[in-house]
Amino acid sequence: MPPTSSPSISGLDRKAFLIGLTIAIAGAILFSAKAIVAKLLYRYHIDAVTLIAFRMMFSVPFFAAVAIWKARTEPALTKRELAKITVMGLLGYYLSSFLDFLGLEHISAGLERLILFLTPSFVLLLSVLFLKRSITRLEWLALGTAYAGTVLVFLHDVRLGGSNVLLGGAFVLGSAITYAVYLLMSGELVRKVGSIRLVAYAMCVSSVACILQFFLLRPVSLLVQPVQVYGLSLLNAVFCTVLPVFMTMVAVARIGAPTTSQAGMIGPVSTLFLGALILAEPITGIQLAGTALVLTGIYLLSKKRV
């Protein structure tokens, strides 16, 4: 996302601000719900390779339409910019998503969302390591609080799920780290290309990679699935992938990136309760305490002024 400053609420029409905030919250909930849909799909005995292939098969027409529109209405990109977008698409939307869905085969949707929600802190740590950025006491406090919450829930789930939780947690952790690298790479490029164009192009690259992976690793016969798999995959593509991406962009335009980011903190909370409602995943006091710590840490991080 482009580093947009958040407009003052007093300078905005109240109704317009509330609409923007509602769009941001709805986008965060829809994006987080992909973990719930994935869990439902796994009940039909498909694996992560097949799941993500169906997701992108249904998603790519939408992103391709936006990419073609942008290609026709905006200046052509350089070969260097196209190369960077290709790498970003493979890293941020292909590898990161694949690791995420692999992890969901082994851990709860609530724990998956908590681990992924550490992505902003990984961006910060990578900035310290590779961009030589300094880190303040507030940021250290935020990181420590967020990590403590995740470790609390992780240890709780390990006690119940054993080695499968360790494996699944490692996959999702890899997903969070690769997506953090993608975000760092996108910083300069998004200002030149534009956020919507960048997302559309990167998602097209990711879609091609996911679909090719399926045909290389799985028999074509796996394209024949129960009608429920097609329905859930379409739901995953439209409501948990395409809509959240563009809703986030609309929200950023209306209320700014910082406010949109803070509204996104509803994501892991919604996943926790959706998991209980739809998947019958238990909600314990430890999970609620861990979630509160993670949200507190990310909130503290969001209060840091650059």
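Keep in mind that what you see is a predicted model, and the values were worked out from it rather than measured.

K.L.:
Residue-level account of the confidence of the model for the protein chain, with values.
P.N.:
Regions with low pLDDT should not have their predicted coordinates read in detail. Looking at the protein chain, the pLDDT average stands at 83 and 90% of residues meet or exceed 70. For the protein chain, the element scoring lowest by mean pLDDT is helix 11 (residues 257-263), at 65; helix 3 (residues 48-73) scores highest, at 94. Segment residues 1-9 is flagged for pLDDT under 50; beyond a separation of four residues in sequence, or across chains, it makes 23 contacts in the model.

K.L.:
Now, about the packing of aromatic side chains: what can you tell me, with residues and values included?
P.N.:
How two aromatic rings sit relative to each other is set out by the distance from centre to centre and by the angle between their planes. As enumerated under the stated definition, the model contains 7 aromatic pairs in all. Measuring from centroid to centroid gives 5.1 Å for Tyr-93 and Tyr-182, while their planes differ by 65°, and the two rings are edge-to-face. Linking Tyr-93 in helix 4 (residues 79-103) with Tyr-182 in helix 8 (residues 163-193), this pair joins segments that are 89 residues apart in sequence. A relative accessible area of 4% places Tyr-182 in the buried class. What links up through ring pairs into an aromatic cluster is the set Tyr-93, Tyr-179 and Tyr-182. Across from the ring centre of Trp-69, 4.5 Å away, lies the NZ or CZ of Lys-70, which sits over that ring.

K.L.:
So what about the nonpolar core? Which residues, and what values?
P.N.:
One finds Phe-63, Ile-85 and Phe-101 to be the most contacted residues of the largest nonpolar core, which totals 51 residues. Within the residue set of this core, elements represented by two or more residues are helix 2 (34-42), helix 3, helix 4, helix 8, helix 9 (195-217) and helix 10 (227-255). Sorting elements by how many residues they give to this core places helix 9 first, with 10 residues. Discounting residues that sit within four places of it in the chain, Ile-85 has contacts with Leu-77, Leu-189, Val-193, Leu-198, Tyr-201 and Ala-202. Ile-115, Phe-122, Val-172 and Ala-176 belong to the second-largest nonpolar core, a separate cluster that totals 19 residues.

K.L.:
Break down the pattern of salt bridges for me, citing the residues and quoting the values.
P.N.:
Tallied over the entire structure, the rule returns 5 salt bridges. Put simply, Lys-34 and Asp-100 hold a salt bridge, and the shortest N to O gap is 2.3 Å. Of the two residues, Lys-34 sits in helix 2 while Asp-100 sits in helix 4, which places them 66 residues apart along the sequence. One exposure class covers both Lys-34 and Asp-100, and it is buried. Between Glu-74 and Lys-70 there is a salt bridge, with the nearest N and O atoms lying 3.0 Å from each other. Taken together, the shared-partner salt bridges connect Lys-34, Asp-100 and Glu-112 into one network.

Definitions and limits used
- Residues numbered from 1 in each chain as written.
- Predicted model: local features only at pLDDT ≥ 70, side-chain atom pairs only at ≥ 80, totals over all residues.
- Heavy atoms only, no water.
- pLDDT = per-residue confidence, 0-100.
- Helix = DSSP H or I, 4+ residues; strand = E, 2+ residues; numbered from the N terminus.
- Contact = heavy atoms within 4.5 Å.
- Phe/Tyr/Trp six-rings, centres within 6.5 Å; stacked < 30°, edge-to-face > 60°.
- Buried < 20%, exposed > 50% of the residue type's maximum accessible area, 1.4 Å probe, protein only.
- Lys NZ or Arg CZ within 6 Å of the ring centre and 35° of its normal.
- Core = buried A, V, L, I, M, F, W, Y, C linked by side-chain atoms within 4.5 Å.
- Salt bridge = Lys/Arg side-chain N within 4 Å of Asp/Glu carboxyl O.

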